[in-house]
Amino acid sequence: MGRVDCEMGFGSMSERLVRKLDLVEVEQLIGWAAAEGWNPGLDDAAAFHATDPEGFIGAFVDGEMVAGIAAVAYGTGYGFIGLYISREDRRGRGHGKAVWDAGMAYLAGRTIGLDGVDEQFENYRRKGFAPAYRTIRFGGAFAGRAVDRERLSMVTPDLVPEVMAFDRRSFPEPRVGFLTRWLGPPHVACAARAEGRVTGYGVMRKCRAGWKIGGLSAVDEGTAAALVRQLAASAEGEVFIDVPAARERFMDLLLRSGLRPGFETTRMYLGEPIPLAPELFGVTTLELG
């Protein structure tokens, strides 16, 4: 990657360079997401970049980043698009299309997922993406109490391989590089166990505003609810979680616990669609799937 083309400015022509981003530039892109109101985590950049260092792409004009995208490859058959942003003062000049085309070329041949806001739904559908399910963000001050600690434990390094194995029940490819960082400090990660086996896990991280829980995977809604209560009990301030709309009984529990629905997104796929796993109760991130 490193394609050069041109931007037509006001009476001048500037070269546009499209290339992969380093960690500092990924932090800059996440900063743009924060300015757009997406409320990313405070420490997302390192975990995101480690997932696929080749999958973060930017467009640069005169040495300044003007657009960016995450086009992250998982395993051999899946990819995810997120963090697709053009700098506000440089929109309408083809920079967004340039990084989109580069990201799609990088993920060519895979099933590609994204979580699209309603305003972009038709745009993504015209590009060939088909809707799979709705996701609803719940947020607020959680009113529940922590549960019996005998059922749950913090995720320690010796438990990480079991949690990664359980994650495969709700995610289509291994994501070892990502989870190695996502499950560790400063994030709070909790696992449920029964009869010596992991039956669910959840991760909570500090964000620009409040805390987000994600991912959240469990064998049933009771286990998912226990994980949320345990995690939320240690949060200072509001808690947010992105829940597939099909999880009606789980959403009822969140409502009874004081959380309220906010904005919605649509999971969409290009290529072979991936069914919603029964274990998935909370999307890990809208940026990386």
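Residues numbered from 1 in each chain as written. Predicted model: local features only at pLDDT ≥ 70, side-chain atom pairs only at ≥ 80, totals over all residues. Heavy atoms only, no water.

A. View of the environment of Q120. Mapping Q120 onto the fold places it in the loop between β6 (111-117) and α4 (121-126). Judged by relative accessible area, Q120 falls into the partly exposed class, the value being 31%. Along the chain, Q120 and G271 lie 151 residues apart, while their C-alpha atoms are 19 Å from each other. Of note is the side chain of Q120, whose polar atom sits 3.0 Å from the side chain of N123. (Helix = DSSP H or I, 4+ residues; strand = E, 2+ residues; numbered from the N terminus. Buried < 20%, exposed > 50% of the residue type's maximum accessible area, 1.4 Å probe, protein only. Polar contact = N/O pair within 3.5 Å; in protein donor to acceptor, adjacent residues only side chain to side chain.)

B. Layout of the packing of helix α1 (residues 23-35) against helix α2 (residues 44-51). At a closest axis distance of 9 Å, the pairing of α1 and α2 adopts a crossing angle of 120°. Taken together, the axis directions place α1 and α2 in an arrangement best described as oblique. The handedness of the crossing between α1 and α2 comes out as right-handed. Across from L23, V26, E27 and I30 in α1, the residues of α2 making contact are D44, A45, A46, F48 and H49. Looking at side-chain class alone, the contact of α1 with α2 contains six nonpolar, one polar and two charged residues. (Axes fitted to C-alpha atoms, helices over the stretch in contact; angles between N-to-C directions. Parallel < 35°, antiparallel > 145°, perpendicular 65-115°, else oblique. Left-handed = near helix turned anticlockwise from the far one by under 90°. Contact = heavy atoms within 4.5 Å. Nonpolar A, V, L, I, M, F, W, Y, C, P; charged D, E, K, R; others polar.)

C. How the structure looks around the side chain of D44. Secondary-structure assignment places D44 in helix α2. Note on D44: relative accessible area 1%, which makes it buried. For D44, the side chain forms a polar contact with the main-chain nitrogen of G41, separated by 2.7 Å. D44 has contacts with I30, W182 and R205, leaving out every residue within four places of it along the chain.

D. Molecular detail of the pairing of strand β10 (residues 197-206). Taking burial as the measure, the 10 residues of β10 include eight buried ones, the bulk of the element. For strand β9 (residues 188-194) and β10, the ladder comprises seven bridges, and the chain directions are antiparallel. If you follow A191 over to β10, its bridge partner there is Y201. Adjacent in sequence and paired antiparallel, β9 and β10 are bridged by two residues, among which E195 carries a positive phi angle near 55°. Note that β10 and strand β11 (residues 211-218) share six bridges and pair antiparallel. Note that in β11 the partner of K206 across the bridge is W211. Counting the residues in the hairpin turn of β10 and β11 gives four residues, including G210, whose phi is positive at 70°. (Pairing = 2+ DSSP bridges.)

E. Seen up close, the nonpolar core. Judged by nonpolar contacts, the single largest core of 39 residues is most densely connected at F48, F56, L83, L183 and Y201. Counting residues per element, this core draws most heavily on α1, at five residues. Non-local contacts of L83, meaning those with residues more than four positions away in its chain, are made with L29, I30, A33, W38, F48, F56, G68, I69, A70 and E287. I136, A192, L253 and L254 belong to the second largest nonpolar core, which has 28 residues in total. (Core = buried A, V, L, I, M, F, W, Y, C linked by side-chain atoms within 4.5 Å.)

F. Local environment of the side chain of R175. Take R175: it is sitting in the loop between α5 (160-167) and α6 (176-182). Judged by relative accessible area, R175 falls into the buried class, the value being 6%. Among the polar contacts made by the side chain of R175, one reaches the side chain of D167 at a distance of 2.8 Å. Ignoring any residue separated from it by four or fewer positions in sequence, one finds R175 in contact with Y74, D167, Y201, T284 and G289.

So, to be careful, I would describe these as geometric facts and stop short of saying anything about function.
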